[in-house]
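Listed below, chain by chain, are the residues.
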Amino acid sequence: MEFAELIKTPRVDSVVLHRPFLPTVEGTLCLTGHHLILSSRQDNTEELWLLHSNIDAIDKRFVGSLGTIIVKCKDLRIIQLDIPGMEECLNIASSIEALSTLDSLSLMYPFFYRPMFEVIEDGWNLFSPAEAFKDLESMTDEWRLSEINKDFAVCPSYPSLVTVPKDIDDDTLCKAAAFRHGGRFPVLSYYHKKNGMVMMRAGQPLTGTNGRRCKEDEKLINATLRPGKRGYIIDTRTIAVAQQAKARGGGFEQEANYPQWRRIHKAIERSNILQESLIKLVEACNDQSNSMDRWLSKLEASNWQSHVKEILTTACLAAQCIDREGASVLVHGTEGTDSTLQVTSLAQIILEPVCRTIRGFQALVEREWLQAGHPFQQRCAQSAYSNGKPRSEAPVFLLFLDCVWQILRQFPCSFEFNEHFLVTLFEHAYASQFGTFLGNSAAERVKLKLSRKTVSLWSWVNRPQELERFVNPLYEPNSLVIWPSVAPQSLLLWEGVFLRWNRSTKCLDEAYEEMVHIIEYNKELQNKVNSLSRQLAQLETEDSPLQSP
Amino acid sequence: MEHIRLPKVDKVHLVERGSSRRPQVGTLYLTASHTIFVDSEAEVRNETWVHHSLVRNVEKQNVTSLGYPLLIQCKNFQVIQLIIPQESDCNDVVMSLVRLSRAERYEELYCFSFKPNLDKTERDQAWNFIDLRAEYSRMGVPNKLWHLSPINREYRVCDTYPADLFVPKSATLPVIVGSSKFRSRGRFPTLSYFCKETQAAICRSSQPLSGFSARCLEDEQMLQAIMKSNPGSQFMYVVDTRPKLNAMANRATGKGYESEDNYTNIKFQFIGIENIHVMRNSQQKLIEVSDLRSPSMGEFLSGLENSDWLKHIQTILNAGKFIAKAVAEEGVSVLVHCSDGWDRTAQVCSVASVLLDPFYRTLKGLMVLIEKDWVSFGHKFSHRYSHLDEDPKEVSPVIDQFLECVWQLMEQFPCAFEYNERFLISIHNHVHSCHYGNFISNCEKERKDLGIKEKTHSVWPHLWTNKSDFMNPLFRTDHSQTQGVLRPLTTPYCFKFWRGLYNRFDRGLHPRQSVLDCLMAVKEETQQLEELLADCEQKLAALGKEQVNGVCVNKRTVNQSRALWAQPAHISLANTPQDYNEGILGSSPKDWSLQQKETESTGLGLFGVTPKTSDPDNSDQESSSGGDSFPSEDSVKDADLDEAV
């Protein structure tokens, strides 16, 4: 087994573990192919099982012969291991480094993980494009499912099946694909049942400096407009950035060629800037100084909250165009795999009540992120502690979850899931025993045979035992569109992720439990009263004949 | 009434800050006590009432197409813009309001004309609702070491202190008098809080008149007596809540702080809370930040940082934490003072008390605490909250900071407080509104001289009557969080901007569904269900036992509040998008103040197409607080009804 070569010292005794809020534990440290394990070998003492893939970075320190390894995790936790013996410490450190940065996907833990539970409902089969299309078909007949991307040749980042206007043939699609970044021709993202308006997404048009046009592309998106109606193109980049893109062959839709469309530019930052922002934010949160000025200026300088505001605002704008202006919308940035998906998925949360259910949210993540080709593998390769030069890491998905959390805070009764569900998705996107977030596209997932070789996160999440922990006790379905406030006063720091390991949440957890208790007690009483009333009514009707003289 | 130049103006526009809703059109009334705006177009009666005492500033603005706007900024952070068609009317309104909002004599304040339906006995009872002697005995004094001193009965030793004061039994009259002569304004060390469990006490005073070298034997004996009244301890803390530099500067004017060389067995500590002027400026900056119209995140955060407000809150909470720790964990008594001992000292003593004693985390307890540490000990309410038209340099948000400390604690300990945020906001409102007499004037003696208890009413019974609005549904007396001492974190990230207070009236900024409201509704329903259950069980038993025919079953049904609370509190609000794109879509709120009223959003301005949406949830109908009939002087609507909304 290849792992054995990487593990220089598989076992060290008398290692001391320091973790946030937990007592220190002394025990034996073991390295396996996928886990770092610390066991005190005593019953009822908590052990540490840490996935190597969850390790973002490590630091080493030595005082005499006592070595210390600081392990910084992708879920933002920091733990410390005191290891006696310099050589052992060095060995452990280099082993962890090697094991946590394995390049080969097929060596990842999900391929070795065997679930300890019985898979009742296989998450891999739950959300196929064909399933989603069935729902659409029940509402409209203006769209069709195209197999043009069957072998992922037209667009490597699209799924094999995409939804396109019925009147547009595959030939036109092919030509439009050639005109869009990464072959990402405009496809349906969301159909607004209330007024029949749609949201589409794509890659940027490849107009280049000399203003290339593509009749087929124009035809394709115009086919989504009702007669006499116009639509909006939401470009997630500023006009300046979009202009610059021309020099590299990209660009934006020229008014002259798309007269029925009005283009709006927003300013969602690109991935490397977002990654830098995350690093700065986490650094601010971990700052030990007690200075308020320092904290607030670091928080501001990280720009994280600005990104949240910008993304949320753009999503609200898209939703507003569809619901309030009664117009269809096309969303794109550059590649159409990052900011575009943030906007299209958040707009659906705002517009579509189903997306606010647990199952609906899973479907949304599948549809708008996994199948839509967000490169999870690249984006989540490193988290906030990566100190190397970022390649293509970026907290795009985390920002999306943060925005969902903001809306959840503003509409605490309109979501079936709770904050814990969002935090769990964040964790699994970065390191997981499940295969769901492996790979960068549907094509890669097929190639890796994930659905056969790994377990889906949804198979686990949807087990009743697990589901229970994700349910929001305040939930009551709300069929309305929910418009969040995007004012800075309304947007909060997501403490559940960013301060999770910095302060104990005991009191907040207790408050949550109390809330659950209040609601459960109410339901219990309701049931009791109902059954007693029924009994009473029954007794009464039995008695009533006697009553009549 | 002679100050009202114009009692009524028609066709006035009222513009709500930060709302995309179109302005209301209606009639403006000026009464002796309130400015009242009645929306003449609303189907349901919709009134806006503002106490004159709440008005912080009235400002005429540049003319617009609708008329002459004036901006009313209130002490409770409400901002109202009125647009009056005629310039002369506007001038009259401004002049009247300026005069009305700046009372020159106490008797002009609303509390002296507010006449609720209470007879004399009821009024006296209401004033006795909070009984400080009972509170001291709850703490465990008098006891064998502490007693109630008659020394200040006639306010002769210290005119800003209460008549009833607790001091160590071992402190003789000459010692107290001597000590009082050595303290600013005679405010000698006296008991604020006594901790039964550890026998440690929190005492308060003003600064000693020590200058660079002066000593006072009696004052030293006084501190010694306090220290000795806590038999278990070897020393006591003296906490000077000022920054060291300020305290040192005071020495040059013959004041200063205690020297560890002169006072035996004291440990001296500076805390570094800034003075009232710094705090006033800080809050002013904070208000400006909260008033920004669609600020960027950067503008907001840097504004928050530059205001230094949260830093001050952090310092005050840290001071309270230090004292609570000394008293509860070390069992050491503490003497707290600042300069005069009525601002920072009141803040710090009361914050420490909230941390130490669960009683102060109950509704009644907070009332008692404010009556004790603030009202009775001569916090200068009328100066600090400018009840009268006096020196603006005396104004400072001292109690705001205490209330905010409590709010920050509530955020950290959501189950620990019996009351909710609205209670704090309501108290804040009453401190400024002059609706009740409790906070009028600057000390107990002044209130006696004014006849406050005879001529005005007490706010506490009124708040108590409305307590269902102020309850925290998560509070349970047997919950672990409600027990014992609170040990809050004071790392910077624990402090948040208090949106609920500073943007209280900007409803668009608040969560669209309120967990508090939901849980309150559920708890109310639970209570009904419990009654219903008992009812059913009783009837079942009766039916089963006696086989009586014709038992009339009470078919009472419980309000199905679940479905109600799940709906957004303001459906209209939940369904009103903000201005997400600086006015590219529809009409921007900014235009509202300038344009003649328009119907709904104007749709796609760019294409000239106006798609008329016909969905039912499109209407921006606002639920209004139903008033009874048109306001008359004697049927003054209860201000709290609005607050609870």
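Quantities reported herein were computed from a predicted structural model and do not represent experimental measurements. Throughout this document, residue positions are counted from 1 along each chain, in the order its sequence is written. Naming scheme: in the order in which they are written, chains are lettered from A and ligands are numbered from 1. In keeping with the model being predicted, local features are shown solely for residues with a pLDDT of at least 70 and side-chain atom pairs are shown and tallied solely at 80 or more, while totals for entire chains, interfaces and linings include all residues. To obtain the side-chain values, all non-hydrogen atoms of the structure were included, while hydrogens and water were left out.

As a further point, take the packing of helix 10 (residues 344-356) of chain B against helix 13 (residues 398-412) of chain B. Residue and element names in this part refer to chain B. Where helix 10 meets helix 13, the axes come as close as 10 Å, and the angle between the chain directions of the two elements is 20°. The angle between the axes of helix 10 and helix 13 places the two elements in the roughly parallel class. Between helix 10 and helix 13 lies a crossing of right-handed hand. Residues Gln347, Ser350, Val351, Val354 and Leu355 of helix 10 pack against Val398, Gln401, Phe402, Cys405, Val406 and Leu409 of helix 13. Throughout this entry, Asp, Glu, Lys and Arg are counted as charged residues, while Ala, Val, Leu, Ile, Met, Phe, Trp, Tyr, Cys and Pro are counted as nonpolar. The remaining residues, Gly among them, count as polar. Residue composition of the contact of helix 10 with helix 13, by class: eight nonpolar, three polar and no charged. Between the N-to-C directions of two axes lies an angle of 0 to 180 degrees, each axis being a line fitted to C-alpha atoms and, for a helix, fitted only over the stretch in contact. A run of H or I in DSSP becomes a helix once it reaches four residues, and a run of E becomes a strand once it reaches two; helices and strands are each numbered from the N terminus. For classification, angles of less than 35 degrees are called roughly parallel, those exceeding 145 degrees roughly antiparallel, those between 65 and 115 degrees roughly perpendicular, and all remaining angles oblique. In this scheme, a crossing is called left-handed if the near helix is turned counterclockwise away from the far one by less than a right angle; it is called right-handed if the turn is clockwise. Note on contacts: a residue pair qualifies if any of its non-hydrogen atoms lie within 4.5 Å across the two residues.

Moving on to the confidence of the model for chain B. Residues and elements named next belong to chain B. Every residue carries a pLDDT, the predictor's confidence in it, which falls somewhere between 0 and 100. In the predicted model, chain B carries a mean pLDDT of 87, and 85% of its residues have values of at least 70. Confidence over residues 548-574 falls short of pLDDT 50; this stretch has 67 contacts with residues more than four positions distant or in other chains. Contacts for the low-pLDDT stretch residues 586-645, under 50 throughout, to residues beyond four places or in other chains number 118 contacts. Prediction confidence for the complex, expressed as pTM and ipTM, is 0.92 and 0.95 respectively.

Taken residue by residue, the interface counts 80 residues in chain A and 89 residues in chain B. Accessible area that two parts lose when put together, evaluated with a 1.4 Å probe and summed over both, is termed the buried area. Between chain A and chain B lies a buried interface of about 7,500 Å² when both sides are counted; carbon and sulfur atoms form 63% of it. When the area that chain A buries against chain B is broken down by residue, the three leading residues are Met292, Arg324 and Gln489 of chain A, summing to 10%. Salt bridges are defined as contacts in which a side-chain nitrogen from Lys or Arg sits within 4 Å of a carboxyl oxygen from Asp or Glu. The residue Lys311 of chain B makes a salt bridge to Asp293 of chain A at a minimum N-O spacing of 3.1 Å.

All names here are of chain A. Any Phe, Tyr or Trp ring, taking Trp's six-membered ring, that has another such ring centre within 6.5 Å forms a pair; planes under 30 degrees apart are called stacked, those over 60 apart edge-to-face, and the others tilted. Evaluated as defined, the whole model comprises 51 aromatic pairs over all chains. Note on Trp369 and Phe376: the rings are 6.4 Å apart at their centroids and 55° apart in plane angle, and the pair reads as tilted. Given the relative accessible area of 0%, Trp369 is considered buried. Relative accessibility thresholds used throughout: buried, under 20% of the residue-type maximum; exposed, over 50%; partly exposed, between the two (1.4 Å probe, protein chains only). Owing to a relative accessible area of 1%, Phe376 belongs among the buried residues under this scheme.

Before going further, it helps to spend a moment on unusual backbone geometry. In this chain, Val141 of chain B is followed by Pro142 of chain B through a cis amide linkage whose omega measures 0°. When you line up the elements, Pro142 of chain B lands in the loop between helix 3 (132-139) and strand 8 (146-149). Positive phi is not limited to glycine here, since Phe152 of chain A has a value of about 60°. Counting through the fold element by element, Phe152 of chain A comes out in the loop between strand 8 (143-146) and strand 9 (162-165). The phi angle at Asp308 of chain B is positive, at roughly 65°, despite the residue not being glycine. Within the element layout of this structure, Asp308 of chain B appears in the loop between helix 8 (297-307) and helix 9 (309-330). On the basis of relative accessible area, Asp308 of chain B is assigned to the partly exposed category, the value being 24%.

So, about the sheet that holds strand 1 (residues 8-16) of chain B. Residues and elements named next belong to chain B. Read across the sheet, seven strands follow the order 4-3-2-1-7-6-5 without closing on themselves; strand pairing throughout is antiparallel. Bordering the open sheet on either side are strand 4 (47-51) and strand 5 (55-60), each of which pairs with just one other strand. In this sheet, adjacent strand axes meet at a mean angle of 30° when their direction is disregarded. We call two strands paired when DSSP finds no fewer than two bridges between them. Bridging between strand 2 (residues 24-30) and strand 3 (residues 34-39) involves five bridges; their strand directions are antiparallel. Opposite Leu28, over in strand 3, you have Phe37 as the bridge partner.

All right, on to helix 13 of chain B then. Here a helix's expected span is defined as the number of its residues, less one, multiplied by 1.5 Å. With 15 residues, helix 13 of chain B extends 22 Å between its outermost C-alpha atoms, agreeing within 8% with the 21 Å of an ideal straight helix rising 1.5 Å per residue. Across the 15 residues that make up helix 13 of chain B, a large majority, 14, are buried.

Moving on to the UniProt feature "active site" (unreviewed entry) in chain B. Residue and element names in this part refer to chain B. UniProt positions are given in the numbering used here, feature names are shortened, and annotations may be inferred rather than shown by experiment. Those places that UniProt annotates as "active site" (unreviewed entry) correspond, in this numbering, to Cys338. Relative to the helices and strands, Cys338 resides in the loop between strand 14 (334-337) and helix 10. On the basis of relative accessible area, Cys338 is assigned to the buried category, the value being 2%. Once residues lying within four places of it in the same chain are set aside, the contact partners of Cys338 are Ser205, Ser206, Gln207, Asp240, Thr241, Arg242, Asp343, Arg344 and Thr345.

Another aspect to go through is the sheet that holds strand 6 (residues 66-73) of chain A. Residues and elements named next belong to chain A. Strand order in the open sheet formed by seven strands is 4-3-2-1-7-6-5, with antiparallel pairing between adjacent strands. Each edge of the open sheet is held by one strand with a lone partner, namely strand 4 (48-51) and strand 5 (55-63). Taken over all neighbouring pairs, the strand axes of this sheet differ in orientation by 30° on average, direction set aside. Bridge analysis of strand 6 against strand 7 (residues 78-84) gives seven bridges, and the strand direction is antiparallel. Paired with Gly67 across the two strands is Ile83, which belongs to strand 7. Contacting strand 1 (11-19), strand 2 (22-31), strand 3 (35-39), strand 5, strand 6 and strand 7, helix 2 (residues 86-100) crosses the sheet at an angle of about 170° to strand 5.

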